[in-house]
Amino acid sequence: ADGCEGEEVSLIVTGVASSISEAQADFTAFPNPANDVVIVTTHGFEAHAFQVLDAAGRVVISERLVAGRNVVHVSHLANGTYRMVLDQAEGRSVKPLVIAH
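For the structure given in this document, a descriptive report is provided here. (Residues numbered from 1 in each chain as written. Predicted model: local features only at pLDDT ≥ 70, side-chain atom pairs only at ≥ 80, totals over all residues. Heavy atoms only, no water.)

**Notes on the pairing of strand β1 (residues 27–30)**
The criterion, for reference: The rule for pairing is simple: two strands pair if DSSP sees at least two bridges between them. Helix and strand assignments follow DSSP, with helices taken as H or I runs no shorter than four residues and strands as E runs no shorter than two, numbered in order from the N terminus.
As defined by bridge partners, β1 adjoins strand β2 (residues 37–42) across four bridges and the pair is classed as antiparallel. From the neighbouring strand, Phe-30 faces β2, where its bridge partner is Ile-39. The turn joining β1 and β2, which pair antiparallel and follow one another in sequence, is formed by six residues.

**A closer look at the sheet that holds strand β6 (residues 80–88)**
We count it as follows: Note on geometry: axes are C-alpha line fits, over the in-contact stretch for helices, and angles between N-to-C directions span 0 to 180 degrees.
The four strands lie next to each other as β4-β3-β6-β7, forming an open sheet whose pairing is antiparallel. Only two strands of the sheet have a single partner each, and these edge strands are β4 (59–65) and β7 (91–99). Going across the sheet, the axis of each strand differs from the next one's by a mean of 20°, ignoring polarity. Two elements, β6 and β7, share nine bridges in a ladder whose sense is antiparallel.

**Describing the pattern of salt bridges**
Our working definition: Definition used for salt bridges: Asp or Glu carboxyl oxygen within 4 Å of a side-chain nitrogen of Lys or Arg. A simple rule labels every residue: compare its accessible area, found with a 1.4 Å probe on the protein chains alone, to the largest value its type can have, and call it buried under 20%, exposed over 50%, or partly exposed in between.
Under the defined criterion, the tally for this structure stands at two salt bridges. The salt bridge involving Asp-54 is made with Arg-58; its shortest N-O contact spans 2.9 Å. Residue Asp-54 is classed as buried on the basis of its relative accessible area of 12%. For Arg-58, a relative accessible area of 55% translates into the label exposed. When the shortest N-O distance is used, the salt bridge between Arg-92 and Asp-87 registers 2.6 Å. A relative accessible area of 49% places Arg-92 in the partly exposed class.

Right under this line is the structure:
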């Protein structure tokens, strides 16, 4: 119609992805809601970059956690909902944190 010539060709591709999983760092944190401290337990053997972000995405806590049990002091944070972010070689994990004084 626009001056192009040729024949129309359709290509149909099918496939199945297998053994693909998204890497994700793993940690537990309690108590949640928190008041004074949060106990963060990481898995693996290396140190982990850990941040707490406020609702605007600003970093309010930034620490380097060791494998195992870590105590993170949160008493200086205002009441509200935050995001805990753990980065390690296997990936990133984000979990909510509620501060209630």
